[in-house]
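# Chain and residue survey
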Amino acid sequence: MAKKVVDEMTMTRALTRITYEIIERNKGIDDIVLVGIKTRGIFLANRIADRLEQLEGKQIPVGELDITLYRDDKPGKSDRDAQVNGTNIPVDIQGKQVILVDDVLFTGRTIRAALDALMDIGRPEKISVAVLVDRGHRELPIRADFVGKNIPTSLDEEIIVKMKEIDGEDGVTIAK
C-alpha cells in the first residue's frame, strides 16, 4: 500500500525553498558547485541550478557523482558497473562550496560514500548536503543542511521519489 505524501506542487515549493536557503546561507552563489548523487540527485541538482539561475542570473556548474565503488552497504557491485555509470564534475572543486544533492536522506551511508568520493576528486572549501526528503533513522552522524521535507517513517516503510525526467511524474510516496 502506497500513500502519496508530496505532490508536484509541493515538490516544486520544497526545491524553491532549498534554493532560497542556499542563496541566503552562502550570501550569494559565487563559488558554488552543485553535485547530484546518481540518479535522482542529479535531476534535483539540475532543477536547483535552473532556479538559482532564474533568481541570480548566473549559471551554476552541476556535477554528477557515482558512489558505487564507495558504498559499504551494497554488496555485489563490480568495478565495471562504476566505470559504466561514471562520475562527471565539469569544474575543479578545489576551494569551492560544494552542495551534495540527493533525493532521500536515510541512514547517512550514501552521503558518507559521496563525501569519500568527493575527497578523492579534490578538496572543496566546504561541503553541504541538500535533500528533498529527510526520513530519519541515521546510522551515522550525518545531517542535511538543506531539507525540502521531513517525513518521519518507520523502518518497515519505504520512501519512493518519482521525478518527471525518468518516472514521468513528480511526487513522493510512502510504501509499506
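Reading the values: the criteria
- Residues numbered from 1 in each chain as written.
- Predicted model: local features only at pLDDT ≥ 70, side-chain atom pairs only at ≥ 80, totals over all residues.
- Heavy atoms only, no water.
- Helix = DSSP H or I, 4+ residues; strand = E, 2+ residues; numbered from the N terminus.
- Rg over C-alpha atoms; globule rule 2.2 N^0.38 Å.
- Buried < 20%, exposed > 50% of the residue type's maximum accessible area, 1.4 Å probe, protein only.
- Contact = heavy atoms within 4.5 Å.
- Lys, Arg positive; Asp, Glu negative; His and termini not counted.
- Charge placed at Lys NZ, Arg CZ, Asp CG, Glu CD.
- UniProt positions renumbered as here; feature names shortened; annotations may be inferred.
- Pairing = 2+ DSSP bridges.
- Axes fitted to C-alpha atoms, helices over the stretch in contact; angles between N-to-C directions.
- Core = buried A, V, L, I, M, F, W, Y, C linked by side-chain atoms within 4.5 Å.
- Salt bridge = Lys/Arg side-chain N within 4 Å of Asp/Glu carboxyl O.
- Parallel < 35°, antiparallel > 145°, perpendicular 65-115°, else oblique.
- Left-handed = near helix turned anticlockwise from the far one by under 90°.
- Phe/Tyr/Trp six-rings, centres within 6.5 Å; stacked < 30°, edge-to-face > 60°.
- Lys NZ or Arg CZ within 6 Å of the ring centre and 35° of its normal.

### Side note on the overall build of the protein chain
Within the protein chain, the secondary structure is distributed over five helices and eight strands. Secondary structure elements of the protein chain, listed N to C terminal, follow the sequence β-α-β-α-β-α-β-α-β-β-β-α-β. Computed over its C-alpha atoms, the radius of gyration of the protein chain comes to 16 Å, within 12% of the 16 Å expected for a compact globule of 176 residues. With respect to the principal axes defined by its C-alpha atoms, the protein chain has extents near 45 × 40 × 30 Å. When burial is assessed residue by residue, the protein chain has 46% of its 176 residues classed as buried. Sequence separation of at least 24 residues holds for 71% of the intrachain contacts in the protein chain that already meet a minimum separation of 6. Between the mean site of the 27 positive side-chain charges and the mean site of the 31 negative ones, the protein chain shows a separation of 4 Å.

### Thoughts on the UniProt feature "short sequence motif: PRPP-binding" (unreviewed entry) in the protein chain
Taking the numbering used here, the UniProt-annotated feature "short sequence motif: PRPP-binding" (unreviewed entry) corresponds to residues 98-110. When the span residues 98-110 is considered, its composition is 15% helix and 62% strand, and the gap between its end C-alpha atoms is 16 Å.

### As for the sheet that holds strand 7 (residues 158-162)
The strands making up a sheet are joined through hydrogen bonds of the backbone, oriented either antiparallel or parallel. Taken in spatial order, the three strands of this open sheet run 1-8-7, and their pairing is antiparallel. Edge positions in the sheet fall to strand 1 (2-6) and strand 7, since each has one partner strand and no second. Averaged over all adjacent pairs, the angle separating strand axes in this sheet is 30°, with direction ignored. Sitting on the sheet, helix 1 (residues 8-25) touches strand 1, strand 7 and strand 8 (171-175), and the angle it makes with strand 1 is about 40°.

### Focus on the nonpolar core
Counting 31 residues, the largest nonpolar core has Leu 34, Leu 132 and Val 172 as its most contacted members. Of all the secondary structure elements, the ones that give two or more residues to this core are helix 1, strand 2 (32-37), helix 2 (40-56), strand 4 (97-105), strand 5 (126-134), strand 7 and strand 8. Leu 132 has contacts with Met 11, Ala 14, Leu 15, Leu 44, Asp 102, Asp 103, Gly 148, Lys 149, Val 161 and Val 172, leaving out every residue within four places of it along the chain.

### Examining the pattern of salt bridges
Counted according to the given criterion, the structure contains 14 salt bridges. The partner of Arg 40 in a salt bridge is Asp 167, and the shortest N-O contact between them spans 3.0 Å. A residue pair is termed long-range when its members are at least 10 positions apart, and Arg 40 in helix 2 and Asp 167 in helix 5 (residues 164-167) qualify at 127 residues. Between Asp 145 and Arg 143 there is a salt bridge, with its nearest N and O atoms 3.2 Å apart. Several salt bridges share partner residues, and in doing so they unite Lys 4, Lys 162 and Glu 169 into one network.

### Notes on the packing of helix 1 against helix 2
Any two packed helices are characterised by how steeply their axes cross, that is the angle between the axes, and by the distance between the axes. Running from amino to carboxyl end, helix 1 crosses helix 2 at an angle of 60°, the nearest separation of the two axes being 9 Å. Here helix 2 runs oblique to helix 1, going by the angle between their axes. In this structure, helix 1 meets helix 2 at a crossing whose hand is right-handed. In this structure, helix 1 contributes Met 11, Leu 15, Thr 16, Ile 18, Thr 19, Tyr 20, Ile 22 and Ile 23 to the contact, and helix 2 contributes Leu 44, Arg 47, Ile 48, Arg 51, Leu 52, Leu 55 and Glu 56.

### Side note on the packing of aromatic side chains
Applying the stated rule across the entire model yields zero aromatic pairs. Positioned above the aromatic ring of Phe 106 is the side chain of Arg 135, whose terminal nitrogen or guanidinium carbon lies 3.9 Å from the ring centre.

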